[in-house]
Amino acid sequence: FFCFWQGMVLGVVAYLGYIPDTDEFKADRVVEAIQELLVCVEMVIVSVLFHKAFPVEEFADVEAIDALRRQQQRAGLRNTIQEIRNNAADPFRVGDIREDVMLYGAEQQDKFSQAMAATQEGINNAMRRG
């Protein structure tokens, strides 16, 4: 919502000539770049505000997390490296990929088949008329 009004204000400012064309860029591109920069800066500010508004302690058992970290430190570097390897390998496990392809691939294949049938029907109708 705020981005919309921010864009409107920047557009009016450019329209009034306060943001002129440059040798490299037109005013609308400069306005776009300014707006994108402002959004990035705003997101940093909003993330800090959200961190203050919604502290982790309300949603997680911080004491249990700290106890787990102490336990992992005692377990040593070898266990930590193994845990990192396991977590990094999770997205590439064949079983998960196969399940995703079977679930979402079937849906996409059905949509594709319906679109192809409609296209073929449109072509056939056009050929009959012509």
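None of these values were measured; they are calculated from a predicted model. (Residues numbered from 1 in each chain as written. Predicted model: local features only at pLDDT ≥ 70, side-chain atom pairs only at ≥ 80, totals over all residues. Heavy atoms only, no water.)

1. Considering the confidence of the model for the protein chain
Of the residues in the protein chain, 98% have a pLDDT of 70 or more, and the chain-wide mean is 84. Within the protein chain, the element-level pLDDT minimum falls on helix α4 (residues 77–89), averaging 79, and the maximum on helix α2 (residues 27–53), averaging 91. (pLDDT = per-residue confidence, 0-100. Helix = DSSP H or I, 4+ residues; strand = E, 2+ residues; numbered from the N terminus.)

2. Overview of helix α1 (residues 2–15)
The first and last C-alpha atoms of α1 sit 20 Å apart over 14 residues, in line with the 20 Å expected at 1.5 Å per residue. Looking at the buried side of α1, the elements it contacts are α2. Looking one or two residues past α1, Gly 17 carries a phi angle of roughly 95°, positive in sign. (Expected span 1.5 Å × (residues − 1). Contact = heavy atoms within 4.5 Å.)

3. Thoughts on the environment of Arg 29
Inspection of the secondary structure puts Arg 29 in helix α2. Given the relative accessible area of 48%, Arg 29 is considered partly exposed. Between the C-alpha atom of Arg 29 and that of Ile 45, which follows or precedes it by 16 residues, the distance is 25 Å. (Buried < 20%, exposed > 50% of the residue type's maximum accessible area, 1.4 Å probe, protein only.)

4. Thoughts on the packing of α1 against α2
At a minimum axis separation of 10 Å, α1 and α2 run at an interaxial angle of 145°. The element α1 and its partner α2 pack so that their crossing is right-handed. Facing α1, whose interface residues are Phe 2, Cys 3, Gln 6, Gly 7, Leu 10, Gly 11 and Ala 14, α2 presents Val 31, Ile 34, Gln 35, Leu 38, Val 39 and Glu 42. (Axes fitted to C-alpha atoms, helices over the stretch in contact; angles between N-to-C directions. Left-handed = near helix turned anticlockwise from the far one by under 90°.)

5. Examining the environment of Val 44
Of note, Val 44 is situated in helix α2. What makes Val 44 exposed here is its relative accessible area of 53%. It is 35 Å that separates the C-alpha atoms of Val 44 and Tyr 104, two residues lying 60 residues apart in sequence.

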